[in-house]
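A closer look at the structure
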2 protein chains.
Amino acid sequence: MPERRRITGFSNPTVKALRALREKKHRKREKRFLAEGLRLLTDARECGRIPEVLVLAEGRDPHPLLAALEDAVDAAGGEIIETSPDILSKITGKDNPQAVAGVFAEFDTSLGHLDRSGASIWLVAQALRDPGNLGTMLRTGDALGAGGLILIDDCADPFSVEAVRASMGAIFTQQIAQADWPEFREWLRAGSGQLVAASLRDAHPYRGAAYAAPCFIMVGNESRGIPEDYEMACDLRVTMPMKGRADSLNAAVAAAVLGYEVLANLD
Amino acid sequence: MPERRRITGFSNPTVKALRALREKKHRKREKRFLAEGLRLLTDARECGRIPEVLVLAEGRDPHPLLAALEDAVDAAGGEIIETSPDILSKITGKDNPQAVAGVFAEFDTSLGHLDRSGASIWLVAQALRDPGNLGTMLRTGDALGAGGLILIDDCADPFSVEAVRASMGAIFTQQIAQADWPEFREWLRAGSGQLVAASLRDAHPYRGAAYAAPCFIMVGNESRGIPEDYEMACDLRVTMPMKGRADSLNAAVAAAVLGYEVLANLD
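Rules of the game
Residues numbered from 1 in each chain as written. Chains lettered and ligands numbered in written order. Predicted model: local features only at pLDDT ≥ 70, side-chain atom pairs only at ≥ 80, totals over all residues. Helix = DSSP H or I, 4+ residues; strand = E, 2+ residues; numbered from the N terminus. Rg over C-alpha atoms; globule rule 2.2 N^0.38 Å. Buried ≥ 20, exposed ≤ 12 C-beta atoms within 10 Å, placed from the backbone. Contact = placed C-beta atoms within 7 Å. Least-squares fit on C-alpha atoms with pLDDT ≥ 70 in both. Domains from an automatic or database assignment. Pairing = 2+ DSSP bridges. Axes fitted to C-alpha atoms, helices over the stretch in contact; angles between N-to-C directions. Core = buried A, V, L, I, M, F, W, Y, C linked by C-beta atoms within 7 Å. Nonpolar A, V, L, I, M, F, W, Y, C, P; charged D, E, K, R; others polar. Parallel < 35°, antiparallel > 145°, perpendicular 65-115°, else oblique. Left-handed = near helix turned anticlockwise from the far one by under 90°.

Right, let's get into the overall build of chain A. Helix and strand content of chain A: eleven helices and twelve strands. The C-alpha radius of gyration of chain A comes to 20 Å, within 12% of the 18 Å expected for a compact globule of 267 residues. Dimensions of chain A along its principal axes, counting C-alpha atoms only, are 65 × 35 × 30 Å. Here chain A holds 267 residues, and the buried ones make up 49% of them. Sequence-distant contacts in chain A: of pairs separated by 6 or more residues, those separated by 24 or more amount to 81%.

In structure tokens, the structure reads:
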């Protein structure tokens, strides 16, 4: 086993650099992001994503999956650092840190990278601002067997610690693309694909609507919803029952309810 | 219009007392909680919930709903305070505060208070730790026309600022009860009611399962799910497709997917 670098000081430059990855500007400059926890890092490894840097807490319990992770990082020529649980907590910003965290290279998030024929369902988020909602959509996409998540306009960063955490590993299994609306629309119309939105305007009941694969399910910003002209560009607008005072669902919830309905209809 | 009390200092004892309501121990001692935003406070008013204290930001835009709110608080003998946007921001802990916040008395959350015949769907959360998930479940319950949310065992506080915020007003429209498992089970079995859980054990496909009203839909803790013996005490266990690597959905998402399926089957 190669020698591990040990870091003992909070003011160590590597600690500062790792911790800075919690901020978007540093992530964008470094093109790297943080993920934490043995389960998440194991999901990553099994999807062929090996961290460039692995940070281990001293005093951790041995675990065969941790050993497999260390082997994979060594084999890939990555760096392994040991540090105290307190310093690891400082890096991840979590009070009860996991025993392990990893630094990964950000993925290609261009639309051209996506293979739309690879899945029947794709999720689309427009100006979604909450990283937790974004991560939850990734997690739901994984459960649906979706191809991935397409982020339209100014969304939260999918590589933020909060989004990665909420994705429960789906950040590594789902494809992610980022584009503005005209780019997305052009890409979508250059191939097959039905764009569906939850809407109150001229909408069909969501239950048993005429869904078609590949089906792109779009939800909008937490406060404003989807802009009207985007909605009008959809192939299908569907409406879900709203029996109370509220006129909308949480965005990640709406995507899931609609996604499971599409899944049942396409299956 | 009665004279308004004006508060200009951050160290004012009232500011400190209001701000302390963001902490659970203070809420429990005072039996009061904070809610913010004109829309949410208007929902409250229309449900007959008037704040004991209304805090207004100076320099706010006039609004007929705000005036209606002030009238209601005056009529109920409540207190109205004016302060700076900065101080209001300090009270609510939000960077971009709404122009108004209110302090409400906590509701009765005993099981005995619930009228199970009043709705076909009830949501049940077991040891749910995330206040955002809890608030999202309240919001979903409102959309489903559910009667309310029953919190089993050690859940997040429904009166926390985060839960109230995520509920988008449903904290005022949904009934809320808190109980431990034996209490809940005894209450449930003393009347009609089908207890349903999402499960991997001995489970029916969730789609078109034999749901019956009043249907109590239970989801479990974010990490551990529902304890096995609780699951076994359910009348119906259902399973949702999981087509990816993950073996579960976000708790609030699972409740919504299942809730909308139940709604479609009972309607």
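The subject of this paragraph is the relation of the copies chain A and chain B. Of the transformation superimposing chain A on chain B, the axial component is 0.0 Å and the angular component is 180°, with the fit at an RMSD of 0.0 Å. On this basis, the relationship between the two copies can be described by a two-fold rotation axis.

A word on the domain arrangement of chain A. Residues and elements named next belong to chain A. Here chain A is described as being made up of domain 1 (5-105) and domain 2 (111-266). With 14 residues of domain 1 at the interface, the matching set in domain 2 holds eight residues. For the side of domain 1 that touches domain 2, the secondary structure elements donating two or more residues are α2 (24-30), β2 (32-36) and α3 (38-46). At four residues, α3 tops the list of elements feeding residues into the side of domain 1 that touches domain 2.

To continue, consider the sheet that holds strand β5 (residues 100-105) of chain A. Residue and element names in this part refer to chain A. Strand order in the open sheet made by the five strands is β1-β4-β3-β5-β2, with mixed pairing throughout. Unpaired on one side and paired on the other, β1 (5-7) and β2 mark the two borders of the sheet. For this sheet, the mean angle separating the axes of adjacent strands, direction not counted, is 25°. As judged from the three bridges shared by β1 and strand β4 (residues 79-83), these two strands associate in the parallel manner. Across the sheet, the residue bridging to I7 is T83, located in β4. In this fold helix α5 (residues 85-92) packs onto β1, β2, β3 (53-57), β4 and β5, with an angle of close to 135° to the strand it touches most, β3.

For the rest of this paragraph, the subject is the nonpolar core. In terms of nonpolar packing, the biggest core is built from 178 residues, with A125, I217 and V257 of chain A together with A125, I217 and V257 of chain B touching the most fellow members. In contact with I217 of chain B, other than residues within four places in its own chain, are I121, L123, V124, V196, A255, L258, G259 and V262 of chain B.

All right, on to the interface of chain A and chain B then. With 30 residues of chain A at the contact, the number on the chain B side is 30 residues. Among the elements of the structure, α6 (131-144), α8 (170-173) and α11 (251-266) of chain A are those that each provide at least two residues to the side of chain A that touches chain B. Per-class residue counts for the side of chain A that touches chain B are 16 nonpolar, eight polar and six charged.

Residue and element names in this part refer to chain B. Spatially, β1-β4-β3-β5-β2 is the arrangement adopted by the five strands of the open sheet, whose pairing is mixed. Among the strands making up the open sheet, the edge pair consists of β1 (5-7) and β2 (32-36). Neighbouring strand axes in the sheet, compared pairwise and without regard to direction, differ in orientation by 25° on average. When strand β3 (residues 53-57) meets strand β4 (residues 79-83), the two strands line up parallel, connected through five bridges. The residue bridging L56 from the neighbouring strand is E82, located in β4. Lying on the sheet, helix α4 (residues 64-75) is in contact with β3, β4 and β5 (100-105); it crosses β3 at an angle near 145°.

This part is about unusual backbone geometry. Between A213 of chain A and the following residue, P214 of chain A, the backbone shows a cis peptide bond with an omega angle of -10°. With respect to the secondary-structure elements, P214 of chain A resides in the loop between β10 (204-205) and β11 (215-219). Even without glycine at this site, A127 of chain B takes up a positive phi of about 50°. Tracing the chain through its elements places A127 of chain B in the loop between β6 (121-126) and α6 (131-144). The residue M168 of chain B is not glycine, and still its phi comes out positive at about 50°. Relative to the helices and strands, M168 of chain B is located in the loop between α7 (161-167) and α8 (170-173). Its 25 C-beta neighbours within 10 Å are what place M168 of chain B among the buried residues.

Helix packing for two helices is described by the angle between their axes and how far apart those axes are. Residue and element names in this part refer to chain A. Where α6 contacts α11, the axes come no closer than 9 Å and their chain directions differ by 10°. In terms of their interaxial angle, α6 and α11 are classed as roughly parallel. Two packed elements cross with a definite hand, and for α6 against α11 that hand is right-handed. Note on element contacts: α11 touches α6 through A251, A252, A255, A256, G259, Y260 and L263, opposite N133, T136, M137, T140 and L144. Of the residues contributing to the contact of α6 with α11, the split by class is eight nonpolar, four polar and no charged.

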